[in-house]
Amino acid sequence: HKFSTHSRTMKAKKFVVVNHFVNEAKPTDLKLVEEELPPLKNGEYLVEAEYLSVDPYMRPYLQRFPVGITMIGSQVAKIIESKNPNFPVGKRIVGNLGWRTHTIINPSTNQDDVLQQQPYVLPDIGDLPSSLGLGVLGMPGNTAYFGLLEICKPKPGETIVISGAAGAVGSHVGQIAKNLGLIVIGICGSDEKCKWLTEELGFDSAINYKTASIASSLRKAAPQGVDCYFDNVGGDISSVVMYQMRPFGRVSVCGSISSYNTDASSLPKSTILQPVIVFNQLKIEGFIVTRWADRWNEGIIQNLRWIREGKLRYRETVTKGFENMFDAFIGMMRGENVGKAIIQA
Ligand code: NDP
């Protein structure tokens, strides 16, 4: 083999799903294994993960797939070998490749593609870190952009409440809303997070749902009532907010993380909402961000522009080491992250 310059042995590490999660995921639900990768065929390219993402959807969404698959998720990866001129060595891609360090991609065959999106070359973002392709310049950033603008249709001077406000999506939504001239109130799980929102991101106020009464804090922060609610958490936090909405208020239902660790057969109960929906004529709409797949670049370009103009800040909670992905995932689900939770491979 001394003479065969094209051969190489490449081992990938990956997390395989051993059990479906029950309540909070356990480390033993996943298994870290090694896999030897074959040589590239024509049209294929090989990527190495630089940053990997842990996202809340992974907890409920995984249940749709059989055990034995590689754990689902997206990553920013560098092309390190290529037999495809459209994907040259050195470029970075964003792809739903799962929790794995190295992946061979063949764009012409069907990938196991959980978010119905093919890997795409990371747009040119200059000297900004490529990890932003998983956060403010990627899926969560587009969730904030489209989920706020298209569903809430916010107007200057209105009041918006955002739950999950100090996370990747929530912290971004609040800043767009500020840029548009709204009064912005965040709800999140610690005083440190509240401080970040009000002192650094320009939120008008922030409520720690673990220590304060949301109902009375909200009556003080929004005495006129709430026009828009961007909901990342669901459950009773959301019921309390929606009972303080003004006539013709709009709710963008983005996520419901407060129930993600619970089986569908035993979901927690919360206060009934139909009376306030009827009498205040509220509009409530859920969405999945891939609805705007055909406008994906528009979101990235606008968010990039806001970053360059100093109108959009971001924060990342970085866990080092691919082997530590599970801990990063659980930590994010427990609220240990501020801003976007990512893993540096
Ligand atoms: P975050 O960065 O916000 O991380 C999750 C956060 O949820 C934690 O930091 C924690 O913060 C909070 N949390 C955890 N448990 C609870 C609970 N029981 N009640 C209230 N808050 C809780 O994640 P993302 O920004 O990536 O995602 C936020 C939401 O947006 C999720 O619900 C996700 O599913 C949804 N989403 C939806 C998309 C769509 O297309 N519809 C796309 C992307 C995300 P804290 O300390 O405040 O408790």
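Relevant structure appears above.
To keep things clear, this report deals only with the structure shown in the data block. (Residues numbered from 1 in each chain as written. Predicted model: local features only at pLDDT ≥ 70, side-chain atom pairs only at ≥ 80, totals over all residues. Heavy atoms only, no water.)

1. Structural notes on the nonpolar core
Working step 1: Core analysis: the largest hydrophobic core is formed by 46 residues, its most contacted members being Leu 137, Leu 148, Ile 160, Ile 162, Val 173, Leu 197 and Phe 230.
Working step 2: Those elements giving two or more residues to this core turn out to be α2 (139-152), β8 (159-163), α3 (168-179), β9 (183-188), α4 (191-200), β11 (226-231) and α8 (296-308).
Working step 3: Broken down by element, this core gets its largest block of residues, six residues, from α2.
Working step 4: Ignoring sequence-local partners within four residues, the contact set of Leu 137 consists of Ile 125, Leu 128, Leu 132, Ile 300, Asn 303, Leu 304 and Ile 307.
Working step 5: Counting 28 residues, the second-largest nonpolar core is a separate cluster that includes Leu 30, Ile 69, Met 325 and Ile 343. (Core = buried A, V, L, I, M, F, W, Y, C linked by side-chain atoms within 4.5 Å. Buried < 20%, exposed > 50% of the residue type's maximum accessible area, 1.4 Å probe, protein only. Helix = DSSP H or I, 4+ residues; strand = E, 2+ residues; numbered from the N terminus. Contact = heavy atoms within 4.5 Å.)

2. Re the pairing of strand β14 (residues 316-320)
Working step 1: For β14 and strand β15 (residues 340-344), the ladder comprises five bridges, and the chain directions are parallel. The residue bridging Thr 319 from the neighbouring strand is Ile 343, located in β15.
Working step 2: Between β14 and its parallel partner β15, the chain crosses via helix α9 (residues 325-333), and the hand of that crossover is right-handed. (Pairing = 2+ DSSP bridges. Right-handed = clockwise from strand over helix to strand, strands pointing away.)

3. As for the pattern of salt bridges
Working step 1: For the coordinates displayed, the defined rule picks out 16 salt bridges.
Working step 2: The partner of Arg 246 in a salt bridge is Asp 227, and the shortest N-O contact between them spans 2.9 Å. Of this pair, Arg 246 sits in strand β12 (residues 245-253) while Asp 227 sits in strand β11, and the two are 19 residues apart along the sequence.
Working step 3: Judged by relative accessible area, which is 34%, Arg 246 ranks as partly exposed.
Working step 4: We note a salt bridge from Glu 309 to Lys 311, for which the minimum N-O separation is 3.3 Å.
Working step 5: For Lys 311, a relative accessible area of 42% gives the class partly exposed.
Working step 6: Through salt bridges that share partners, Lys 14, Glu 35 and Arg 100 make up one connected network. (Salt bridge = Lys/Arg side-chain N within 4 Å of Asp/Glu carboxyl O.)

4. Considering the packing of α2 against α8
Working step 1: Taken N-terminus to C-terminus, the directions of α2 and α8 make an angle of 90°; their axes are 9 Å apart at the nearest point. Relative to α8, the element α2 is oriented roughly perpendicular. Packed against α2, whose contacting residues are Met 139, Gly 141, Asn 142, Tyr 145 and Phe 146, the element α8 presents Trp 296, Glu 298, Gly 299, Ile 300, Gln 302, Asn 303 and Trp 306 at the interface.
Working step 2: Looking at the contact of α2 with α8, its residues break down into six nonpolar, five polar and one charged. (Axes fitted to C-alpha atoms, helices over the stretch in contact; angles between N-to-C directions. Parallel < 35°, antiparallel > 145°, perpendicular 65-115°, else oblique. Nonpolar A, V, L, I, M, F, W, Y, C, P; charged D, E, K, R; others polar.)

5. Some details on the pairing of β11
Working step 1: By the criterion of burial, β11 is predominantly enclosed, with six of the six residues buried.
Working step 2: In this structure, β8 lies alongside β11, joined through three bridges in parallel fashion. Across the sheet, the residue bridging to Ile 160 is Cys 228, located in β11.
Working step 3: Alignment of β11 against β12, held across five bridges, turns out to be parallel. Looking at β12, one finds that Cys 228 is bridged to Arg 250.
Working step 4: Crossover β11 to β12 through helix α6 (residues 235-242) is right-handed.

6. Some remarks on the sheet that holds strand β10 (residues 205-208)
Working step 1: Pairing is parallel in the open sheet, where six strands are placed in the order β10-β9-β8-β11-β12-β13. Each end of this open sheet is capped by a strand with a single partner; those strands are β10 and β13 (283-286). Each strand of the sheet is rotated relative to its neighbour by a mean of 15°, with strand direction disregarded.
Working step 2: Together, β8, β11, β12 and β13 form the strand contacts of α2, whose direction differs from that of β12 by roughly 145°.
Working step 3: Against the sheet, α4 touches β9 and β10, its axis set at about 170° to β10.

7. Structural notes on the layout of surface pockets
Empty space left among the atoms is revealed by rolling a probe the size of a water molecule over them.
Working step 1: Its boundaries defined by the atoms lining it, the largest pocket holds a volume of some 1,300 Å³.
Working step 2: As for the largest pocket, its lining consists of 49 residues, and the residues nearest its centre are Pro 56, Tyr 57, Asn 232, Ile 257 and Tyr 260.
Working step 3: Those elements that place two or more of their residues in the lining of the largest pocket are α1 (58-61), α2, α3, β9, α9 and β15.
Working step 4: Its residues assigned to classes, the lining of the largest pocket comprises 28 nonpolar, 15 polar and six charged. (1 Å grid on protein atoms, 1.4 Å probe; cavity = no way out; pocket = protein on both sides within 12 Å on 5 of 7 lines; lining within 4 Å. Points joined across faces, edges and corners; volume = space filled by probe spheres on them.)

8. Describing the site of the ligand
Working step 1: Contacts to the ligand come from 26 residues, most closely from Gly 189, Lys 193, Tyr 209, Val 289 and Asn 337.
Working step 2: In this structure, Tyr 209 approaches the ligand through a side-chain N or O atom, which is 2.5 Å from an oxygen atom.
Working step 3: A distance of 2.8 Å separates an oxygen atom of the ligand from a polar atom in the side chain of Tyr 260.
Working step 4: If the ligand stood free it would expose 910 Å²; the protein chains cover 89% of that surface.
Working step 5: Put simply, the parts of the chain that give the shell around the ligand at least two residues each are α2, α3 and α9.
Working step 6: Taken together, the residues of the shell around the ligand break down into 15 nonpolar, ten polar and one charged. (Near = heavy atom within 4 Å. Polar contact = N/O pair within 3.5 Å; in protein donor to acceptor, adjacent residues only side chain to side chain. Areas by Shrake-Rupley, 256 points an atom, 1.4 Å probe, with all protein chains shown as cover.)

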